[in-house]
Amino acid sequence: MFEAISFNGSSISLLDQRALPQQASYLTLKTPKEAAWAIHAMAVRGAPMIGVTAAFGMALSLRDLREDESLEQAFQNAKQQIHTSRPTAKNLFFALHAMEDAFQEALREGLSLKGAQERLNARALALFREETQRSEAIARFGAGLIPTGARVLTHCNTGSLAVPGPGTALGAIKEAFAQGKVKEVYVDETRPLLQGSRLTAFELSSLNIPYKVIADSAAAGLIEAGKVDAVLVGADRIAKNGDTANKVGTLMLARLCAVHGLPFFVLAPTSTIDPDIEDGSGIPIEERNEAEVLMLSGTLVAPPGARAFNPAFDVTPAGLICAFVTEQGVFQPPFLGSISE
Ligand code: MRU
């Protein structure tokens, strides 16, 4: 269908998600700084895809080593750049940690520049394969939760653009459709950046899966009218107690499901779980530029001088989540201690 990202050892080829669905254009990223920029600008997005971009970016850290620079300095400079690119998705920090471990091991072994570089390339590519396998397992387990004839609703984009492999929530929906169980998918458009209408609809269209894009605010009416059987979403960071940060608007859906007794499922790899954060109050929530809310396709849609509040995520309390699906299986309450990182 499309290749969202690839890495050849000296550059990253990245499908620029900002231009979809109108254009499938690829960016070539050659430095950690460019990888950090792509993450921040959301040319690439979705927690696991952010993680693998960070890993590939770190693999580029030794590529242009200056004569006056040590391996350690080059690696740490790159890490600093990528570390600050986006704050919420745990996968970014998970990937930086994995790359740091591989780098320190290479230093301990006294590897040459070439050897260290090869070690970083290998670790980044392994992380890509691991995330692919995790999403394949999540799609299989998640499909098992979807009843036959289901009309499902999803938010943001959690498919192959957001995750290596089939995806998390959208991966499960694709798998359930292949099993003949999905009647229709309602796709929240996902304001302000429209990941639902631009990206999820793009993926569903290319697979001929029946869907309707809805304004985010139409979800309540649909659910109230009994037209949705389950809501499936992804996650950017899951605290130790199960509180979950995901794309802004997720909390509204979780509360609606609770009121109407509908299943609300969170699907995410264990690389999204943060064992160091006790509950949702500790999850850093990114606030993005006001222009993302005030402008639509480059046109101002509010009075000149209008201000906006633009949190990219909200936090859903664990108590509203009927089940988590990770690559390890399906976890129902009480979650505490049952999901390992
Ligand atoms: O701001 P984004 O587009 O990176 O946000 C993405 C989401 O919130 C996704 O639901 C989440 O990362 C899970 S991706 C499988």
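Up top is the structure.
Figured I'd write up the structure that's included with this text. The numbering scheme is per chain: residues are counted from 1 as the chain's sequence reads. Reporting of local features is limited, given that this is a predicted model, to residues whose pLDDT is at least 70; pairs of side-chain atoms are given and counted only at 80 or more, and all residues count toward the totals for whole chains, interfaces and linings. With hydrogens and water set aside, each side-chain value is computed from the structure's full complement of heavy atoms.

### Thoughts on the sheet that holds strand β2 (residues 12–15)
Link 1 in the chain: Pairing is antiparallel across the open sheet formed by three strands, whose spatial order is β1-β2-β3. Where the open sheet ends on each side, the last strands, each with one partner, are β1 (5–7) and β3 (26–29). Along the sheet, successive strands turn relative to each other by an average axial angle of 15°, direction set aside.
Link 2 in the chain: A pair of strands is treated as paired once DSSP finds two or more bridges between them. Per the convention used, a helix needs a DSSP run of H or I reaching at least four residues, while a strand needs a run of E reaching at least two, with both numbered from the N terminus. The sheet contact formed by β2 and β3 spans four bridges and is antiparallel. Looking at the pairing, Leu15 lines up with Tyr26 of β3.
Link 3 in the chain: For this analysis, residues touch if any pair of their heavy atoms sits within 4.5 Å. Lines fitted to C-alpha atoms define the axes, with helix axes restricted to the stretch in contact, and inter-axis angles between N-to-C directions lie between 0 and 180 degrees. Sheet strands touched by helix α1 (residues 32–41): β2 and β3. Its angle to β3, the strand with the most contacts, is close to 145°.

### Topic: empty space enclosed by the protein
Link 1 in the chain: Only protein atoms enter the 1 Å grid used here. Points where a 1.4 Å probe fits but cannot escape make up a cavity, open sets with protein on both sides within 12 Å along at least five of seven lines make up a pocket, and a residue lines them when an atom lies within 4 Å of a point. Grid points are joined across faces, edges and corners, and a volume is the space filled by probe spheres set on the points. Evaluation of the coordinates by the stated rule reveals two cavities of 30 Å³ or more.
Link 2 in the chain: Taken as a whole, the largest cavity spans an internal volume of roughly 180 Å³.
Link 3 in the chain: Arg45, Gly46, Ala47, Asn157 and Asp236 are, among the 22 residues lining the largest cavity, the residues nearest its centre.
Link 4 in the chain: Every element with two or more residues in the lining of the largest cavity is listed here: α2 (47–59) and β9 (244–247).
Link 5 in the chain: Among the elements that make up the lining of the largest cavity, the one with the highest residue count is α2 (three residues).
Link 6 in the chain: Amino acid classes used here: Ala, Val, Leu, Ile, Met, Phe, Trp, Tyr, Cys and Pro are nonpolar; Asp, Glu, Lys and Arg are charged; the rest, including Gly, are polar. Looking at side-chain class alone, the lining of the largest cavity contains eleven nonpolar, seven polar and four charged residues.
Link 7 in the chain: In this structure, the second largest cavity occupies an estimated 50 Å³ of space.
Link 8 in the chain: In terms of lining residues, the second largest cavity is bounded by Pro192, Leu193, Gln195, Lys247, Arg288, Glu292, Asn310, Pro311 and Ala312.
Link 9 in the chain: Split into classes, the residues belonging to the lining of the second largest cavity amount to four nonpolar, two polar and three charged.

### Here's the deal with the layout of surface pockets
Link 1 in the chain: Approximately 400 Å³ is the volume attributed to the largest pocket.
Link 2 in the chain: Along the wall of the largest pocket there are 15 residues; nearest its centre are Arg18, Pro192, Leu193, Arg198 and Ser297.
Link 3 in the chain: Those elements that provide at least two residues to the lining of the largest pocket are α7 (195–206), α10 (291–294) and β11 (295–296).
Link 4 in the chain: Among the residues forming the lining of the largest pocket, the class breakdown is eight nonpolar, three polar and four charged.
Link 5 in the chain: All the domain ranges listed were derived from an automatic or database domain assignment. Structurally, the lining of the largest pocket is a two-domain feature, drawing no fewer than three residues from each of domain 1 (5–137) and domain 2 (138–331).
Link 6 in the chain: Put simply, the second largest pocket is a space of about 210 Å³.
Link 7 in the chain: Considering the residues around the second largest pocket, the lining is formed by 13 residues, among which Pro32, Ser61, Asp64, Glu69 and Ala74 are closest to the centre.
Link 8 in the chain: When contributions to the lining of the second largest pocket are tallied by element, the ones reaching two or more residues are α1 and α3 (71–83).

### Some thoughts on the packing of aromatic side chains
Link 1 in the chain: Pairing of aromatic side chains requires ring centres within 6.5 Å, counting the rings of Phe and Tyr and the six-membered ring of Trp. Pairs whose planes differ by under 30 degrees are stacked, by over 60 edge-to-face, and all others tilted. For the structure on display, the rule yields four aromatic pairs.
Link 2 in the chain: Residues Phe75 and Phe103 carry aromatic rings whose centres are separated by 4.1 Å and whose planes lie at 0° to one another, so their mutual orientation is stacked. With a gap of 28 residues between them, Phe75 in helix α3 and Phe103 in helix α4 (residues 90–108) connect regions that are remote in the sequence. The pair Phe75 / Phe103 is uniform in exposure class, with both members buried. Classification of residues uses two cut-offs on accessible area relative to the type maximum, computed with a 1.4 Å probe and protein chains only: under 20% is buried, over 50% is exposed, and between them is partly exposed.

### Some remarks on the site of the ligand
Link 1 in the chain: Here, proximity means that at least one heavy atom of the residue falls within 4 Å of the molecule or strand. Neighbouring residues of the ligand: 17 residues in total, closest Arg45, Ala47, Asp236, Asn246 and Lys247.
Link 2 in the chain: Distance and chemistry together define a polar contact, namely a pair of N or O atoms within 3.5 Å, with one atom able to donate a hydrogen and the other to accept it when in protein, and with adjacent residues in sequence counting only for side-chain atoms on both sides. The separation between an oxygen atom of the ligand and a polar side-chain atom of Arg45 is 2.9 Å.
Link 3 in the chain: At 2.7 Å, a side-chain N or O of Asn246 approaches an oxygen atom of the ligand.
Link 4 in the chain: Should more than half of a molecule's atoms lie within 2 Å of a pocket's or cavity's grid points, that molecule is taken to sit in it. Counting atoms within 2 Å of the grid points, the majority share of the ligand lands in the largest cavity.
Link 5 in the chain: Of all the elements in the fold, those that place two or more residues in the shell around the ligand are α2 and β9.
Link 6 in the chain: Of the residues assigned to the shell around the ligand, the class counts are eight nonpolar, five polar and four charged.
Link 7 in the chain: Composition of the shell around the ligand by domain shows at least three residues from each of domain 1 (5–137) and domain 2 (138–331).

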